[in-house]
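Remarks on the overall topology
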Number of protein chains: 2
Amino acid sequence: MSDWSEHYAARETRMRASEVRELLKLLDQPDIISFAGGIPDAKLFPRQALVDAYDRVLKDPDRAGAALQYSVSEGYLPLRQFLAGDMQRLGVSCDPDNILITNGSQQALDFLGKLFIGSHDTILVGYPTFLGALQAFNAYEPHFDVLPGPGNNRTAASYLADGRRKPKFGYCMPEFQNPTGLTLDRAERERLLDFAEALNLPLIEDGAYERLRYDGAPVPPLLALAAARAGGIDKTKVLYCGTFSKSIVPGLRVGWIVAPKPVIEKLVLIKQASDLHTSGINQIVVHEVASTVIESQTASLRPVYQARRDAMLQALRDHMPHGVEWTRPEGGMFVWVTLPAAIDGAELLGRAVAEARVAFVPGAGFYPDRTGENHIRLSFSLNEPAKIADGIKRLGNLIKTVLAEAA
Amino acid sequence: MSDWSEHYAARETRMRASEVRELLKLLDQPDIISFAGGIPDAKLFPRQALVDAYDRVLKDPDRAGAALQYSVSEGYLPLRQFLAGDMQRLGVSCDPDNILITNGSQQALDFLGKLFIGSHDTILVGYPTFLGALQAFNAYEPHFDVLPGPGNNRTAASYLADGRRKPKFGYCMPEFQNPTGLTLDRAERERLLDFAEALNLPLIEDGAYERLRYDGAPVPPLLALAAARAGGIDKTKVLYCGTFSKSIVPGLRVGWIVAPKPVIEKLVLIKQASDLHTSGINQIVVHEVASTVIESQTASLRPVYQARRDAMLQALRDHMPHGVEWTRPEGGMFVWVTLPAAIDGAELLGRAVAEARVAFVPGAGFYPDRTGENHIRLSFSLNEPAKIADGIKRLGNLIKTVLAEAA
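Since we're looking at a predicted model, the values are computed, not measured.

Concerning the overall build of chain A
- Assigned secondary structure in chain A consists of 12 helices and 13 strands.
- Taking 407 residues into account, the globule formula puts the C-alpha radius of gyration at 22 Å, and chain A, at 22 Å, falls close to it.
- In terms of overall dimensions, chain A has a C-alpha envelope of 65 × 60 × 55 Å along the principal axes.
- Looking at chain A as a whole, 55% of its 407 residues qualify as buried.
- Excluding contacts between residues fewer than 6 apart, the proportion of contacts in chain A whose partners are at least 24 apart in sequence is 75%.

Considering the nonpolar core
- Within the largest apolar cluster, 247 residues are counted, with the highest numbers of intra-cluster contacts made by Ile257(A) and Ile257(B).
- Examining the composition of this core, we find that 12 residues originate from one element, helix 10 (residues 280-319) of chain A, more than from any other.
- Beyond its immediate stretch of four places on either side in the chain, Ile257(A) contacts Ile99(A), Leu100(A), Thr102(A), Ala108(A), Leu239(A), Tyr240(A), Cys241(A) and Leu267(A).

Re the relation of the copies chain B and chain A
- When chain B is fitted to chain A, the best match, at an RMSD of 0.0 Å, comes from turning it 180 degrees and sliding it 0.0 Å along the axis. Seen this way, the second copy is the image of the first under a two-fold rotation axis.
- Comparing interface residues between copies, 99% of those in chain B also sit at the interface in chain A, which points to an isologous, same-surface contact.

A closer look at the sheet that holds strand 13 (residues 375-379) of chain B
- Taken in spatial order, the four strands of this open sheet run 9-10-13-12 (chain B), and their pairing is antiparallel. Every other strand in the sheet has two partners, leaving strand 9 (325-326) and strand 12 (361-362) of chain B as the edge strands with one partner each.

Observations regarding helix 3 (residues 61-68) of chain B
- Buried residues of helix 3 of chain B: Ala64(B), Ala67(B) and Leu68(B), and no others. Angularly, the buried residues of helix 3 of chain B cover 90 degrees about the axis, an arc narrow enough to put them on a single face.

Structural notes on the interface of chain B and chain A
- Listed by partner, the interface residues are 71 residues for chain B and 71 residues for chain A.
- Elements that contribute at least two residues to the side of chain B that touches chain A include exactly helix 2 (47-58), helix 3, helix 5 (104-116), helix 6 (131-138), helix 9 (261-275) and helix 10 (280-319) of chain B.
- Sorting elements by how many residues they give to the side of chain B that touches chain A places helix 9 of chain B first, with nine residues.
- For the side of chain B that touches chain A, a count of residues per class yields 37 nonpolar, 21 polar and 13 charged.

Some thoughts on the sheet that holds strand 12 (residues 361-362) of chain A
- One open sheet holds the four strands; their spatial order is 9-10-13-12 (chain A), and the pairing between them is antiparallel. Looking at the sheet topology across the chains shown, the edges are occupied by strand 9 (325-326) and strand 12 of chain A.

What to know about helix 4 (residues 77-86) of chain B
Residue and element names in this part refer to chain B.
- The complete set of buried residues in helix 4 reads Leu79, Arg80 and Leu83. For helix 4, the angular spread of the buried residues around the axis is 100 degrees, confining them to a single face.
- Those residues of helix 4 that are buried are in contact with strand 2 (99-102), strand 8 (255-258) and helix 10.

Some words on the packing of helix 11 (residues 345-356) of chain A against helix 12 (residues 385-406) of chain A
Residue and element names in this part refer to chain A.
- Where helix 11 contacts helix 12, the axes come no closer than 10 Å and their chain directions differ by 120 degrees. Regarding the angle of helix 11 to helix 12, the classification is oblique. Seen along the crossing, helix 11 lies across helix 12 with a hand that is right-handed. Between helix 11 and helix 12, the residues in contact are Leu348, Arg351, Ala352, Glu355 and Ala356 and Arg394, Leu395, Leu398 and Val402, respectively.
- Looking at the contact of helix 11 with helix 12 residue by residue, the classes come out as six nonpolar, no polar and three charged.

Observations regarding the environment of Ile264(A)
All names here are of chain A.
- Along the chain, Ile264 falls in helix 9 (residues 261-275).
- For Ile264, a count of 23 C-beta atoms within 10 Å puts it in the buried group.
- Once residues lying within four places of it in the same chain are set aside, the contact partners of Ile264 are Asp97, Asn98, Ile99, Leu100 and Ala259.

Quick look at the confidence of the model for chain A
- Per-residue confidence for chain A averages 95 on the pLDDT scale, and 97% of its residues sit at or above 70.
- Predicted as a complex, the structure gets a pTM of 0.97 and an ipTM equal to 0.96.

Let's talk about the domain arrangement of chain A
All names here are of chain A.
- Per the domain assignment, the segments making up chain A are domain 1 (10-45 + 296-406) and domain 2 (69-294).
- A straight line from the C-alpha centre of domain 1 to that of domain 2 covers 25 Å.
- Each partner contributes to the interface: domain 1 provides 33 residues, whereas domain 2 provides 33 residues.
- Only helix 10 and strand 10 (334-338) provide two or more residues apiece to the side of domain 1 that touches domain 2.
- The biggest single contributor to the side of domain 1 that touches domain 2 is helix 10, with eight residues.

So, the environment of Gly251(A)
- Take Gly251(A): it is sitting in the loop between strand 7 (238-243) and strand 8 (255-258).
- Given 28 C-beta atoms within 10 Å, Gly251(A) falls into the buried group.
- In sequence terms Gly251(A) and Gly104(A) are 147 residues apart; their C-alpha atoms lie 9.2 Å from each other.
- For Gly251(A), the residues in contact, after removing those within four places along its chain, are Ala67(B), Leu68(B), Gln69(B), Tyr70(B), Ser71(B), Ser279(B), Gly280(B) and Ile281(B).

Here's the deal with unusual backbone geometry
- With an omega of 10 degrees, the peptide bond between Tyr127(A) and Pro128(A) qualifies as cis.
- Note on placement: Pro128(A) falls in the loop between strand 3 (122-125) and helix 6 (131-138).
- In this structure, Phe176(B) takes a positive phi of about 55 degrees despite not being glycine.
- With respect to the helices and strands, Phe176(B) occurs in the loop between strand 5 (170-172) and helix 7 (186-199).

What counts as what
- Residues numbered from 1 in each chain as written.
- Chains lettered and ligands numbered in written order.
- Predicted model: local features only at pLDDT ≥ 70, side-chain atom pairs only at ≥ 80, totals over all residues.
- Helix = DSSP H or I, 4+ residues; strand = E, 2+ residues; numbered from the N terminus.
- Rg over C-alpha atoms; globule rule 2.2 N^0.38 Å.
- Buried ≥ 20, exposed ≤ 12 C-beta atoms within 10 Å, placed from the backbone.
- Contact = placed C-beta atoms within 7 Å.
- Core = buried A, V, L, I, M, F, W, Y, C linked by C-beta atoms within 7 Å.
- Least-squares fit on C-alpha atoms with pLDDT ≥ 70 in both.
- Pairing = 2+ DSSP bridges.
- Arc of directions from axis to C-beta.
- Nonpolar A, V, L, I, M, F, W, Y, C, P; charged D, E, K, R; others polar.
- Axes fitted to C-alpha atoms, helices over the stretch in contact; angles between N-to-C directions.
- Parallel < 35°, antiparallel > 145°, perpendicular 65-115°, else oblique.
- Left-handed = near helix turned anticlockwise from the far one by under 90°.
- pLDDT = per-residue confidence, 0-100.
- Domains from an automatic or database assignment.

Below you can see the structure in the form of structure tokens.
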């Protein structure tokens with residue numbers, strides 16, 4: 001093998017393998033109950049609607065030719081028109097020119113990192129925050145600091161103390177956060193906007209799980225609240241990322257960014273330079289499915305995932321020993337578990353896979369500084385209630401064993 | 001509108017709209033004969049093979065579920081196995097672990113830029129070179145210098161003169177180069193490898209048009225020649241980029257990188273952080289089509305494009321005034337035209353669209369320093385011979401008019 005170390009750019013040292021992606025390999029072992037991947041259940045995909053959509057596109061030679069040809073970087077216009085209309089559901093008024101189509105919201109995060117982060121800039125995220133966002137942003141070599149929110153009392157002034165340069169943006173997932181499952185209420189969102197306005201700080205809002213609310217009243221997204229304050233989204237500094245990965249299917253890789261038009265114009269140039277455009281046929285198929293069945297599809301997903309969430313919360317109550325705490329999400333796919341401080345989530349995973357045949361994601365990867373070792377993330381999206389109950393029982397028994405050994 | 005200028009990273013100043021992508025909009029005007037886009041003819045797509053492939057994947061619920069679910073970042077294993085086998089056709093022995101699947105070769109160039117280029121590093125490219133490569137690399141803020149090759153006499157030592165830091169890589173498209181159509185012969189490739197070895201310089205080899213050779217003997221790719229010298233591709237410093245955009249269809253966005261395994265391991269992390277993975281169903285469909293019909297498909301493409309190339313060369317001979325020169329490509333999609341020095345390609349385009357209803361790409365965008373104003377790139381891939389003859393006649397007459405006006 002040749003030695004490549006001298007050739008890499010400095011950012012290479014920031015690239016580490018994702019615990020989540022590596023753990024996906026565990027799904028292939030049938031006796032493992034996996035609470036690891038935050039992925040939708042393929043049995044719930046709208047397969048017939050997808051088959052019909054492909055059939056409509058491919059049977060027409062002209063339409064098929066266009067769908068399989070190069071296409072424009074900003075994305076398929078009818079899909080951008082659909083999304084501009086659909087954002088009204090969330091209280092956001094926008095035009096197709098406020099929307100860029102991306103390869104899932106992961107690519108949206110990469111592009112926003114590319115546009116805003118210079119090496120050594122500071123950006124603000126939750127501690128914990130979405131692991132994929134940390135990976136996307138890390139390529140542009142930022143420093144991380146904590147975004148104000150529940151659990152901390154940082155002020156705008158504190159970010160400018162000691163002559164520090166202003167942060168470049170804040171990133172958050174206000175609903176059913178990955179990994180905690182927690183949701184910011186309206187007052188918390190307004191306080192976050194107050195903070196951002198005080199610093200003239202752009203906010204990236206990740207709405208990946210927006211359609212998966214099981215109970216509690218909907219809260220307008222940051223983008224809607226900011227547009228109401230500013231008089232339209234083009235006057236805000238909020239950049240909203242959405243995806244069809246949770247509501248339709250992930251494998252088509254279709255997501256989007258809603259942003260002020262000058263930012264979209266820059267992002268279109270980034271899209272051109274990065275991969276020209278998102279697959280045309282995938283955008284057309286997503287448009288066909290979204291514009292016909294997304295409401296009925298997500299209406300059918302919600303009770304299934306809700307029952308799985310409820311099964312997980314009940315099993316945690318039934319099987320976890322004293323000293324273990326967890327969140328109660330109103331939606332999404334995740335419950336965040338806080339273990340007694342003596343237990344390291346990564347070490348627990350090793351024993352969980354070997355002894356209990358249960359998998360999850362250790363908490364440290366969700367923190368920029370890799371603290372949070374005594375947390376684990378459990379996803380309830382992939383297993384049926386009985387299996388969830390079985391897996392949580394096995395995990396609870398293992399934790400009891402670990403605690404007994406340490407006593 | 002809010003002012004965003006203070007928020008952007010420094011790299012934003014490098015992002016400019018692509019003449020090529022903007023010009024695609026001209027294709028919608030039916031009376032324009034466009035020689036602009038370097039895009040395949042959608043009438044030649046293997047539509048029935050694609051319809052059959054989608055049908056086979058989607059009619060099986062388990063297979064459809066897997067195709068539409070999240071999948072691994074390195075790419076669909078059967079496709080990587082197919083490509084490892086297919087690279088043997090070019091004299092390259094490699095494993096699936098030497099291959100990463102990307103969203104077309106544009107994303108391969110972006111990822112290689114991300115892995116290797118730090119701000120202010122120097123990279124070497126042809127003057128002219130592929131516009132999309134300049135766009136991809138520009139995001140990482142390099143300096144550009146010229147790669148040794150026909151037309152210049154740079155030595156390895158010249159890149160290290162005056163204490164300069166060694167360049168990070170050289171980028172080239174050895175066959176039917178976009179934009180010139182020129183091909184490096186075997187001796188030129190060996191000299192390029194000698195140069196790269198003298199500097200221990202990685203070379204990025206762009207093989208986008210590899211299957212579109214119309215005449216002349218095939219020459220082994222740089223990767224094959226380097227592997228023969230070094231004793232296997234893992235010991236080389238050549239990174240090969242391929243794509244199905246020209247041989248099957250562009251709209252599925254499937255390309256690949258062949259590289260030493262340590263580089264692929266890094267690129268997999270970049271893929272995870274950038275967009276997780278290339279669409280699973282697209283990879284499966286490309287694999288089905290490639291493994292069944294790629295030889296017959298490309299065999300049917302070649303005579304059609306060859307006839308269009310021949311029509312363009314004949315029309316240039318018939319209609320261009322004295323003082324206009326052009327290349328004679330052995331393959332690919334492009335003829336590169338050198339105009340009399342007084343004619344600016346961008347100004348000519350304005351008149352060509354307005355007066356002659358003909359479009360092409362001005363040359364300056366293919367140069368990092370935007371010299372080359374008196375060149376234009378003509379693509380012969382999209383029009384039938386009679387239309388090519390008509391368009392070149394119109395263009396030749398315009399150039400004669402311009403020269404007469406200047407005389």
